[in-house]
Amino acid sequence: VSNIQDDQSIANGPSIFNAGPYAKVCWTRQRNMTMDHQLMENFARMTFGEVRFTRIPEFRVPGHFSKEENARVAGDPLDHDMVVLFGNDNNHWYAIVLDNRIGQKKAIYYDSGSYSARLMRERCNFHLDFINKYRTVYLRDTLNVALQQHQDISSTTHRYVDGESARQKNGFDCGVFALANVEGYIR
């Protein structure tokens with residue numbers, strides 16, 4: 001996804017917030033945990049704990065930054081045109097793209113396996129709730145980042161859309177399908 005971000009930046013395409021796969025991973029490892037401060041700390045550590053890779057020399061920043069500084073630089077997910085999220089349930093990858101552009105406002109769900117509309121809504125609800133908590137619990141309350149948009153996102157603000165992913169023919173290509181679907185939507 002970093003390569004897609006770079007390509008879109010060069011082409012003056014949409015700005016992309018890469019939330020990565022860690023929202024669902026952090027939560028499933030600690031199923032009894034509510035979406036609280038510790039969960040957000042784990043997500044931030046796993047998502048922003050390393051310097052972001054970029055192929056574009058002028059975007060590289062020398063030095064090492066903390067996960068907090070990297071999270072501040074990435075900013076509020078809702079200030080970006082799109083938010084890319086990946087999830088993994090029972091060893092199966094899926095993707096969700098939140099399109100925040102004016103007139104677009106939707107959550108597009110991609111799953112190359114067999115799933116129901118109910119499962120699609122549940123997964124979208126989880127990820128939208130996660131973004132809401134990340135914005136308030138971590139960015140606003142922990143890092144003191146001023147949020148420009150104060151409204152939470154939900155199925156009311158972002159309608160859920162089935163991205164109609166092609167179906168995989170085996171039990172191991174789901175991650176490739178998730179990435180390809182995201183790239184296809186963004187480009």
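As a starting point, this report considers the structure included with it. (Residues numbered from 1 in each chain as written. Predicted model: local features only at pLDDT ≥ 70, side-chain atom pairs only at ≥ 80, totals over all residues. Heavy atoms only, no water.)

This part takes up the nonpolar core. Generally speaking, soluble globular proteins have nonpolar side chains that are buried together. In terms of nonpolar packing, the biggest core is built from 32 residues, with Ile96, Leu98 and Tyr134 touching the most fellow members. Listing elements by their share of this core, those giving two or more residues are strand 1 (16-20), helix 3 (37-48), strand 2 (82-89), strand 3 (92-99), strand 4 (106-110) and helix 5 (117-140). Residues contacting Ile96, with those up to four places away along its chain left out, are Val83, Val84, Leu85, Ala107, Ile108, Tyr109, Arg123, Cys124 and His127. In terms of nonpolar packing, the next biggest core, distinct from the first, is built from 11 residues, Ile16, Met82, Ala95 and Val182 among them. (Core = buried A, V, L, I, M, F, W, Y, C linked by side-chain atoms within 4.5 Å. Buried < 20%, exposed > 50% of the residue type's maximum accessible area, 1.4 Å probe, protein only. Helix = DSSP H or I, 4+ residues; strand = E, 2+ residues; numbered from the N terminus. Contact = heavy atoms within 4.5 Å.)

Moving on: unusual backbone geometry. The backbone of Asn144 shows a phi angle near 60°, a positive value even though the residue is not glycine. When you line up the elements, Asn144 lands in the loop between helix 5 and strand 5 (159-162). Residue classification places Asn144 among the exposed positions, given a relative accessible area of 65%. Even without being glycine, Glu164 reaches a positive phi, approximately 50°. Tracing the chain through its elements places Glu164 in the loop between strand 5 and helix 6 (174-186).

What follows deals with the environment of Gln168. Tracing the backbone shows Gln168 in the loop between strand 5 and helix 6. The sequence separation of Gln168 and Asp111 amounts to 57 residues, and the corresponding C-alpha distance is 9.3 Å. Discounting chain neighbours no more than four positions away, the residues touching Gln168 are His92, Ser112, Gly113, Asp173, Cys174 and Phe177. For Gln168, the side chain forms a polar contact with the main-chain oxygen of Asn170, separated by 2.6 Å. A polar side-chain atom of Gln168 sits 3.5 Å from the main-chain amide nitrogen of Cys174. (Polar contact = N/O pair within 3.5 Å; in protein donor to acceptor, adjacent residues only side chain to side chain.)

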